[in-house]
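# Tertiary structure, described
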Amino acid sequence: MDYSKTTRLDGRVALITGGARGIGAEIAATLLQSGAKVMISDILDEAGNRTQGTLAQLHAGMVEFLRHDVAVESEWEAAIAATIARFGGLDILVNNAGIETSAFFDDCELADFRRVMAVNVDGVFLGIKHGIRAMRPGGPAGKGGTIVNLSSVAGIIGLPSLGAYCASKGAVRLMTKAAGVECGRLGYGIRVNSIHPAIVKTEMGINVVRNFARLGLAPDEATADAYVKSLHPLGYGQPADIASAALFLASDASSWMTGAELVVDGGASAT
């Protein structure tokens, strides 16, 4: 086998949710560099259009942006239809969109909990559902494919003040396993795997650190940052670390993996 070619994605089409910035934007750039055509979706119109413009300078005609609220089923149907219409298929779906809220259980508002579930759990469920419908035999794309779900180290271990987020990412972890087994048993040619990052210094990661201080888990932001960083034996991660894992799971390099969890956390969950 020529291993230099196993991560090439030439001729494949990817839809990446939450692709306007941070990890999602880095995954888009990485898949484009490997030859894929990419539809990035997000509710952040300005950031999404800016990211699309930047990526299009290097990959003209291979990347588009569309507005897409992952918690709304009709918008999933529209996003997948638009991706197939623009690029001629759908081979890779990256369920990256997600939000977090920081609150202790006894202070967490039900509305805030439900919003996290709507985006992080409903959104991934709908992505899996409509991704399978598109990729399975007889679907509008119909060639099989791979679904990559962004879970978190918080879907494996518990973290103070992140109860809603932990619950949502634990759900993503087990939905991934169920969908991977189901698609395999049904012979759909669709693999489903999850990635479990720890803290990456995106806007969301920075907010986690700030909220540790705000909630009194550390006396100030500098102390909170040092503490959270110390939880990772290899230090903080970078978006590129997660994008490399997404490329691996999206490509033929992981062809015998489904229902698996790929932990990319700098050793945080091993301590």
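In case you missed it, the structure is sitting above this.
Presented here is an overview of the structure given in this document.

### Quick notes on the overall build of the protein chain
A tally of helices and strands in the protein chain yields 8 helices and 7 strands. Since a compact globule built from 271 residues should have a radius of gyration of about 18 Å, the 18 Å found for the protein chain is in line with a globular shape. Taken over 271 residues, the protein chain has a buried fraction of 51%. Computed over 23 positive and 27 negative side-chain charges, the separation of the two mean positions in the protein chain equals 7 Å.

### A closer look at the sheet that holds strand E3 (residues 63–67)
A sheet is described by the order of its strands in space; here 7 strands give the open sequence E3-E2-E1-E4-E5-E6-E7, paired in parallel fashion. Looking at the sheet topology across the chains shown, the edges are occupied by E3 and strand E7 (261–264). Direction aside, the axes of adjacent strands within the sheet are offset by 20° on average. With 6 bridges joining them, strand E5 (residues 145–150) and strand E6 (residues 190–197) adopt parallel strand pairing. Bridge assignment links Val 148 to a residue of E6, and that residue is Asn 193. Its contacts with the sheet place helix H3 (residues 73–87) against strand E1 (13–17), strand E2 (37–42), E3 and strand E4 (92–95), and it is angled at close to 150° to E1.

### Side note on the state of the cysteines
On inspection of all chains with the given rule, the structure shows 0 disulfides. Here Cys 108 stays free of any disulfide, with the sulfur of Cys 166 as its closest cysteine sulfur at 12 Å.

### Brief notes about the packing of helix H6 (residues 203–214) against helix H7 (residues 221–230)
For the pair H6 and H7, interaxial distance at closest approach is 8 Å and the crossing angle is 120°. Between H6 and H7, the angle is such that the two are oblique. For the crossing formed where H6 meets H7, the hand is right-handed. Mapping the contact onto sequence places Val 209, Arg 210, Phe 212 and Ala 213 in H6 and Glu 221, Ala 224, Asp 225, Tyr 227 and Val 228 in H7. Taken together, the residues that form the contact of H6 with H7 break down as 6 nonpolar, no polar and 3 charged.

### Considerations on the pairing of E1
The buried fraction of E1 amounts to 5 of the 5 residues, a majority that puts the element mostly inside the structure. Covered by surrounding structure in E1 are Val 13, Leu 15 and Thr 17 together with Ala 14 and Ile 16, the residues of both alternating faces. Pairing analysis gives 5 bridges linking E1 to E2, with the strands arranged parallel. Bridge assignment links Ala 14 to a residue of E2, and that residue is Val 38. Since E1 and E2 lie parallel, the crossover through helix H1 (residues 22–33) that links them has a hand, and here it is right-handed. Pairing of E1 with E4 involves 3 bridges; the strand directions are parallel. Within E4, the position partnered with Leu 15 by the bridge is Leu 93.

### Considerations on the environment of Leu 66
Along the polypeptide, Leu 66 turns up in strand E3. For Leu 66, a relative accessible area of 14% translates into the label buried. A sequence separation of 24 residues divides Leu 66 from Asp 42, and the C-alpha atoms of the two residues are 6.9 Å apart.

### Looking at the packing of H3 against helix H4 (residues 110–135)
At a closest axis distance of 10 Å, the pairing of H3 and H4 adopts a crossing angle of 40°. Relative to H4, the element H3 lies oblique. The handedness of the crossing between H3 and H4 comes out as right-handed. Contacts from Glu 73, Trp 76, Glu 77, Ile 80 and Ile 84 of H3 reach H4 at Gly 123, Leu 126, Gly 127, Lys 129, His 130, Gly 131 and Ala 134. Class assignment for the residues of the contact of H3 with H4 results in 5 nonpolar, 4 polar and 3 charged.

### What about the side chain of Ser 34?
Looking at the secondary structure, you find Ser 34 in the loop between H1 and E2. With near-sequence residues (within four places) excluded, Ser 34 lies in contact with Thr 7, Arg 8, Leu 9, Asp 10 and Leu 247.

Scoring rules and cut-offs
Residues numbered from 1 in each chain as written. Predicted model: local features only at pLDDT ≥ 70, side-chain atom pairs only at ≥ 80, totals over all residues. Heavy atoms only, no water. Helix = DSSP H or I, 4+ residues; strand = E, 2+ residues; numbered from the N terminus. Rg over C-alpha atoms; globule rule 2.2 N^0.38 Å. Buried < 20%, exposed > 50% of the residue type's maximum accessible area, 1.4 Å probe, protein only. Lys, Arg positive; Asp, Glu negative; His and termini not counted. Charge placed at Lys NZ, Arg CZ, Asp CG, Glu CD. Pairing = 2+ DSSP bridges. Axes fitted to C-alpha atoms, helices over the stretch in contact; angles between N-to-C directions. Contact = heavy atoms within 4.5 Å. Disulfide = S-S within 2.5 Å. Parallel < 35°, antiparallel > 145°, perpendicular 65-115°, else oblique. Left-handed = near helix turned anticlockwise from the far one by under 90°. Nonpolar A, V, L, I, M, F, W, Y, C, P; charged D, E, K, R; others polar. Right-handed = clockwise from strand over helix to strand, strands pointing away.

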